[in-house]
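# Summary of structural features
Residue strings, one per chain:
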Amino acid sequence: MSTEPATYALRIPQRASLSKVIRVPYDGTGCEVYAEVWDSDKRRKLYLSLAVEWVNRAEFWDEDDEDAVRATIRLSATWQQTRAVVKDGYWDLLWVWPDGERDYLLDGPAVVNRNATEEPES
């Protein structure tokens, strides 16, 4: 399957935990997913590798269409990982199908939310 990626802006909360649930209109059975944040779409410097957790690989969601399933994943990074990301970048989500074919389903800007509050030192 070959598909054009949808554009999605990912917000990275600097010095806070990142957890983002994403649903895609595909059956995730037998698939693998990878997500990374780079300096640009040229991919010269890796800023962050996101952990990908399957929430549901094949969720039935349309009672009028018995073939309508979607996969739900959670992207995450620890606060220790996000504090190292100091510049905006570019991210993408690589979907690997059971037959080995690969598609980028999502891509777009990765925007660092430079929050000010920090945990006080003890």
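All values derive from a computational prediction rather than experimental measurement.

## Looking at the packing of aromatic side chains
Any two aromatic rings considered together are summarised by their centre-to-centre distance and by the angle between their planes. In this structure the tally under the stated criterion is five aromatic pairs. Considering the side-chain rings of Tyr 26 and Trp 95, the 6.5 Å spacing of their centres and the 50 degrees angle between planes classify their relative orientation as tilted. One end of the pair, Tyr 26, is in the loop between strand 3 (18-24) and strand 4 (32-38); the other, Trp 95, is in strand 7 (residues 89-96), with 69 residues separating them in the sequence. For the ring pair Tyr 26 and Trp 97, a centre distance of 5.5 Å and an interplane angle of 90 degrees mean the geometry is edge-to-face. Taken together, the positions of Tyr 26 in the loop between strand 3 and strand 4 and Trp 97 in the loop between strand 7 and strand 8 (102-113) put the pair 71 residues apart, joining distant regions of the chain. For Tyr 26, a relative accessible area of 18% corresponds to the buried category. The buried category is assigned to Trp 97, whose relative accessible area is 12%. One aromatic cluster is present, formed by Tyr 26, Trp 54, Trp 95 and Trp 97 through successive ring pairs. When the ring centre of Tyr 104 is taken as reference, the NZ or CZ atom of Arg 43 above it lies at 5.4 Å.

## Side note on the environment of Leu 50
Here Leu 50 lies in strand 5 (residues 46-60). As a C-alpha pair, Leu 50 and Leu 94 span 44 residues in sequence and 11 Å in three-dimensional space. The contacts of Leu 50, once residues within four sequence positions are left out, are Leu 10, Leu 18, Ala 35, Val 37, Leu 75, Ser 76, Ala 77 and Trp 91.

## Section: the side chain of Gln 14
Along the chain, Gln 14 turns up in the loop between strand 2 (10-13) and strand 3. Looking at Gln 14, its side chain comes within polar contact range of the main-chain oxygen of Val 85, at 2.9 Å.

## Examining the side chain of Thr 82
Checked against the element boundaries, Thr 82 lands in helix 1 (residues 79-82). Judged by its relative accessible area of 0%, Thr 82 falls in the buried class. In this structure the side chain of Thr 82 is engaged in a polar contact, spanning 3.1 Å, whose partner is the backbone oxygen of Pro 13. At 2.8 Å, the side chain of Thr 82 forms a polar contact with the backbone oxygen of Ala 16. Ignoring any residue separated from it by four or fewer positions in sequence, one finds Thr 82 in contact with Ile 12, Pro 13, Gln 14, Arg 15, Ala 16, Leu 18 and Ala 77.

The rules behind the values
- Residues numbered from 1 in each chain as written.
- Predicted model: local features only at pLDDT ≥ 70, side-chain atom pairs only at ≥ 80, totals over all residues.
- Heavy atoms only, no water.
- Phe/Tyr/Trp six-rings, centres within 6.5 Å; stacked < 30°, edge-to-face > 60°.
- Helix = DSSP H or I, 4+ residues; strand = E, 2+ residues; numbered from the N terminus.
- Buried < 20%, exposed > 50% of the residue type's maximum accessible area, 1.4 Å probe, protein only.
- Lys NZ or Arg CZ within 6 Å of the ring centre and 35° of its normal.
- Contact = heavy atoms within 4.5 Å.
- Polar contact = N/O pair within 3.5 Å; in protein donor to acceptor, adjacent residues only side chain to side chain.

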